[in-house]
Amino acid sequence: MADYSINIKRLYLFSFLKMSLFPMAIITLFWKDQIGLSIAQILLVQSIYSVAMVVMEYPSGYLSDRIGYRTALSLASVLGICGWGLYTIADSFLSVLAAEILLLDDPVFKN
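Predicted model, so just to flag it, every value in this text is computed and none were measured.

Caption draft 1: Region of interest: a nonpolar patch on the surface. A cluster of nonpolar residues, Tyr 4, Ile 8 and Tyr 12, forms a patch on the protein surface that exposes about 390 Å² of accessible area. In this structure, Ile 8 sits in helix H1 (residues 5–19). Exposure remark for Ile 8: the relative accessible area of 45% places this residue in the partly exposed category.

Here it is in structure tokens:
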């Protein structure tokens, strides 16, 4: 019988770090200063992200039921890595928007 207690502790640590929203303190400054987005574009990115979260809420749960939770969590992790990877080369409004959509792994494929 495997001991899963270390995995549970790791999941709690991951959840804590994710919910502490470390990137949120500087992401707006990054968009404004490094990418050159205006405040209107920043608010538009955030509003599109919020709408996408609402739209994907139900289908994500259904999909995770259909393909399995482990597969869904793995897929969500890959999407998260791709989203942050896209941020490393983002240089326009559309690339920032694409990165944000890829980072929808919070509500997407959750248990």
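Caption draft 2: Focus on the packing of helix H2 (residues 24–35) against helix H3 (residues 39–67). Running from N to C, H2 and H3 point in directions that differ by 135 degrees, and their axes come no closer than 10 Å. By the criterion of interaxial angle, the relationship of H2 to H3 is oblique. With respect to the hand of their crossing, H2 and H3 are arranged in right-handed fashion. Mapping the contact onto sequence places Thr 28, Trp 31 and Lys 32 in H2 and Ile 39, Ile 42, Val 45 and Gln 46 in H3. Here the residues of the contact of H2 with H3 sort into four nonpolar, two polar and one charged.

Caption draft 3: Broad picture of the nonpolar core. Trp 31, Ile 35, Leu 37, Tyr 87 and Val 96 are the most contacted members of the largest nonpolar core, which totals 13 residues. Looking at this core, the elements that each hand over two or more residues are H2, H3 and helix H5 (93–102). If you tally residues by element for this core, the top one is H5, at four residues. Contacts of Ile 35, omitting those with residues within four sequence positions, involve Phe 30, Ala 90, Asp 91, Ser 92 and Val 96.

Caption draft 4: Molecular detail of H3. A rise of 1.5 Å per residue sets the reference length of H3, with its 29 residues, at 42 Å; its end C-alpha atoms lie 39 Å apart and thus fit the reference within 8%. With its phi angle positive at about 100 degrees, Gly 68 sits one or two positions after the end of H3.

Caption draft 5: Just the packing of aromatic side chains, in detail. Tallied over the entire structure, the rule returns three aromatic pairs. Three or more aromatic residues joined by ring pairs make a cluster, and in this case those are Phe 30, Trp 31, Trp 84 and Tyr 87.

Caption draft 6: Expanded view of the confidence of the model for the chain. With 86% of its residues at a pLDDT of at least 70, the chain reaches an overall mean of 82. Across the chain, element-level confidence peaks in H5 with a mean pLDDT of 92 and bottoms out in H1 with 78. Across residues 107–111 the pLDDT falls below 50, and counting only partners more than four positions away or on other chains, this stretch makes 19 contacts in the model.

Criteria and cut-off values
- Along each chain, numbering runs from 1 in the same order as the chain's sequence is written.
- Totals for whole chains, interfaces and linings use all residues, but because this is a predicted model, local features are given only for residues with pLDDT of at least 70 and pairs of side-chain atoms are given and counted only at 80 or more.
- Hydrogen atoms and water are omitted, and side-chain values are computed over all heavy atoms in the structure.
- Only residues whose relative accessible area exceeds 30% and that form no salt bridge enter a patch; like-charged residues are grouped when within 9 Å of one another, and nonpolar side chains (Val, Leu, Ile, Met, Phe, Trp, Tyr) when within 5 Å.
- What sets the accessible areas is the Shrake-Rupley method with a 1.4 Å probe; for residues, cover comes only from the shown protein chains.
- Each salt bridge in this description consists of a side-chain nitrogen of Lys or Arg and a carboxyl oxygen of Asp or Glu lying within 4 Å of one another.
- Under the DSSP-based scheme used, a helix requires at least four consecutive residues in state H or I and a strand at least two consecutive residues in state E, with every element numbered from the N terminus.
- Accessible area is worked out with a 1.4 Å probe on protein chains only. A residue is then buried under 20% of its type maximum, exposed over 50%, and partly exposed in between.
- Lines fitted to the C-alpha atoms define the axes, with helices restricted to the stretch that makes contact. Angles between their N-to-C directions range from 0 to 180 degrees.
- An angle counts as roughly parallel when it lies under 35 degrees, as roughly antiparallel when it exceeds 145, as roughly perpendicular when it falls between 65 and 115, and as oblique in every other case.
- Should the near helix be turned counterclockwise from the far one by less than a right angle, the crossing is left-handed, whereas a clockwise turn marks it as right-handed.
- In what follows, residue pairs with any heavy atoms lying within 4.5 Å of each other are defined as contacts.
- Note on residue classes: Ala, Val, Leu, Ile, Met, Phe, Trp, Tyr, Cys and Pro are nonpolar, Asp, Glu, Lys and Arg are charged, and everything else, Gly too, is polar.
- Remark: nonpolar core denotes a set of buried residues (Ala, Val, Leu, Ile, Met, Phe, Trp, Tyr, Cys) joined through side-chain atoms within 4.5 Å.
- What a helix should span is 1.5 Å times the count of its residues minus one.
- Here is the rule: rings of Phe, Tyr and Trp (six-membered ring for Trp) pair when centre to centre is within 6.5 Å. Planes less than 30 degrees apart are stacked, more than 60 are edge-to-face, and the remainder are tilted.
- pLDDT runs from 0 to 100 and stands for how confident the predictor is about each residue.

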